[in-house]
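# Summary of the model geometry
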Amino acid sequence: MESLPNGHMPADYKGTNSAVRKKCLLKTVLASTLAVSFLICCVVVTWMLTKHHYQHYQTETEAAAAFYILDKANFSADPCTDFFTYSCGAWNSRVITDYDSFYDSEKEKSDLHVYKLISSSQPDDNLHTVYKNLLTTTQYCINHTESDNVVAMDSWLTTLFSKPSADEVMTYVGELGTFTMLGFHWTKSFELKDWLFPLYGDISMDDVKMYLKQQPGDGSGLYDECAKFLSEIEKGNYKTTKKISVKEIIDLADFANLSGYFKQFSYELEDEIYTNTSLITYLNNYFHKIGEENRLNVLKSIAALHVQKKYDYTMNLQFTEKLCFSFVESFSSFTIGSYLLQRDRSNYDKTIESVREMISNLVRAYKDVVLEASWLDDKSSAIIIDKLERMNFYVDSPSWIHNTSELQRRNYGGDLSNLSSFMEIFKELRKDQTLKVLHNSLDNREDTRLSPHISLNPNYNSIANTVNLALKSYIVPYYDERWPLAMKYGALGAIIAHEMTHGFDTNGLKYDSEAQERDWLSGKSKERINKTHKCIMDQYGKYSMLGYKMDRKKTLNENLADNGGLQVAYRAFQYAKANQSFHIRLHKSLLTDEHLFFLAFGEMRCSRMTSNYEHIQDITTAIYSPEKYRLLGSIANSKDFYKAFNCKLEDDKRYCEIW
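All figures in this text were calculated on a predicted structure; none of them were measured in a lab.

Another aspect to go through is the environment of T404. By the secondary structure assignment, T404 is in helix α18 (residues 404–410). Its relative accessible area of 21% is what places T404 among the partly exposed residues. Put simply, T404 and H128 are 276 residues apart on the chain and 7.7 Å apart in space, counted from C-alpha to C-alpha. Once you skip the residues sitting within four places of it in the chain, T404 turns out to touch H128, V130 and Y131.

A word on the state of the cysteines. In this structure the tally under the stated criterion is 4 disulfides. Between C80 and C647 runs a disulfide, and the two sulfur atoms are separated by 2.0 Å. Taking the sign of the S-S torsion, -85° for the link of C80 and C647, the bridge is left-handed. Of this pair, C80 sits in the loop between α2 (60–70) and α3 (83–94) while C647 sits in the segment after α27 (639–644), and the two are 567 residues apart along the sequence.

We now examine helix α6 (residues 146–161). Here α6 spans 23 Å end to end across 16 residues, near enough to the 22 Å set by a 1.5 Å rise per residue. All of the buried residues along α6 are N149, A152, M153, W156, L157 and L160. Projected onto a plane normal to the axis of α6, the buried residues spread over an arc of 125° and lie on a single side. Turned more than 90 degrees off the buried face of α6, the exposed positions are V151 and T158.

Here we have 3 strands laid out as an open sheet, ordered β4-β6-β5, and mixed in their pairing. Of all strands in the sheet, those with a lone pairing partner are β4 (392–394) and β5 (459–461), marking the two edges. Between one strand and the next, the sheet's axes are offset by a mean angle of 20°, whatever the strand orientation. Judged from the 3 bridges that link them, β4 and strand β6 (residues 466–468) form a sheet pairing that is parallel. Bridged to Y394 within β6 is N468.

This next bit is on the pattern of salt bridges. By the definition in use, this model includes 22 salt bridges. With a closest N to O distance of 2.9 Å, D251 and K247 form a salt bridge. Residue D251 and its partner K247 are both found in helix α11 (residues 246–252); the two are separated by 4 residues, about one turn of the helix. One salt bridge connects D562 with R605, and the closest N-O pair in it is separated by 4.0 Å. Of this pair, D562 sits in helix α23 (residues 556–577) while R605 sits in the loop between α24 (593–603) and α25 (613–621), placing them 43 residues apart in sequence. By relative accessible area, D562 is classed as buried at 5%. Overlapping salt bridges, with partners in common, bring together D562, R605, E627 and R630 in one network.

How each quantity is defined
- Residues numbered from 1 in each chain as written.
- Predicted model: local features only at pLDDT ≥ 70, side-chain atom pairs only at ≥ 80, totals over all residues.
- Heavy atoms only, no water.
- Helix = DSSP H or I, 4+ residues; strand = E, 2+ residues; numbered from the N terminus.
- Buried < 20%, exposed > 50% of the residue type's maximum accessible area, 1.4 Å probe, protein only.
- Contact = heavy atoms within 4.5 Å.
- Disulfide = S-S within 2.5 Å.
- Expected span 1.5 Å × (residues − 1).
- Arc of directions from axis to C-beta.
- Pairing = 2+ DSSP bridges.
- Axes fitted to C-alpha atoms, helices over the stretch in contact; angles between N-to-C directions.
- Salt bridge = Lys/Arg side-chain N within 4 Å of Asp/Glu carboxyl O.

In structure tokens, the structure reads:
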């Protein structure tokens, strides 16, 4: 509305203003009413949903089960025709597969869980050095860059080529963690050929030229001398070795003073090791012939080759979360176990108690399954039962896992906090670990228990007849103390029963109940087992992924263990629950404890594969079938599964029954 000159308003302005104000008031009242109504509606709906939620998830067990199952399952799929999608459809729809990430499969979540705990912790002065080393290594790995590799390598090679004498060059080789000279398989040997001609020709003369940055015939003689030397070694017959003392080797090898080299590996002069004396004699003659300067240059150039070769792989890696965890656990596995136990000891003790009870039910179930196998003759059945009764289960960590001095003996014992880069830490850890192996400082028999060893999966030792569980066996997706019994047995129960079944796969059947290697199966029983093996191979031989078929023979033992483990774990679960029952409503589905058992079994197999080289290798060469078919292959032979989900059993279908 326009105003008049001098700011005067029209005569009818008051009336107009009154009408406008009434309209605005009506609109305000109407908007307020709608807003209040909407708010009341939201409150009511929220209350109803909350009431509904607590009506069905009134306990921590119900909530834990619902959270885990709903996070992965797709209940719109038909469990009878596509149980993989039914179990893992939601998981697969949102996961971006990257071979270098933790998300290739659901089971890698346990690794991710451990890694996150370690990487999120910062070293402080209150921690013992052994734990500070663990956290420091993890942080350095996370922040590692490719330029760090270049700087470290340049520094090492510069130092190497600055050494004024042959014995100093040899000593520095050891300091850099290149130990091929001490034996390719870490035996107590002095394998000069391995050192002088790296990995039997794996490094070509073109590599020599590249590393030394020389051209043939350039006048310096460095490349020509090295090429001639390595060529002579390659053609020579220097394979015969004999055992002599370290002192004899030092006295014999006058081409370089090796006392410093052996001293850093804690060898005593009287220690006896294998070596090739004829090769040492050749080296003495050769180096004396070419003169002091060329001798030093050749030793330096070969040492440089070793440093490059030993670290080339590491230098070209991109250190993802997955790779960092793999690196850290390879050097600090026992320390990781100890660190985790310190953080959550009370829940761990409760879990161990539950697992021991689970194992008792699994052994009982396995024995009953064997006794009900009418095709087994009495003698074979008795040996299997006896083997089950003698089977040892290592579920807890040894007492020394809390002893920091013992941890330092088994993992790195020094202080890494003063080192300036990840490559320097890598060098120290590698040298320390190799020395431990060289001098047999670990009790190998005790170490086979592996219970605190994060890096290894649960395993069965056929010679010792033992099942060994790792700490990550007690982490999702294998176990959660809050889960109902059905899910505990469907996941961890099936894993333990899987390892027990390895006692009766093609390798386990070689050993009787007293761990003696002999043929103990009767002809009738052996014939039936061979038929089962053929049935499993025929079944899995039909599966393919990304257009590639898996090796049905190579995967046989793991497929047998998956099938047998599922059968025994389900029986053990029935014993554990006795007359109790548990069910939960998720969306429109009422899931019984039988459903939850198979869902837990299925959801730990959630995985995706892409057509990259590593995944194709996993399909065609691995001893495990792809996770998808570890699931589908097992439930295809489970009549318990068909009954739980009311699936139709086909009369003409061939079911591969382990027992």
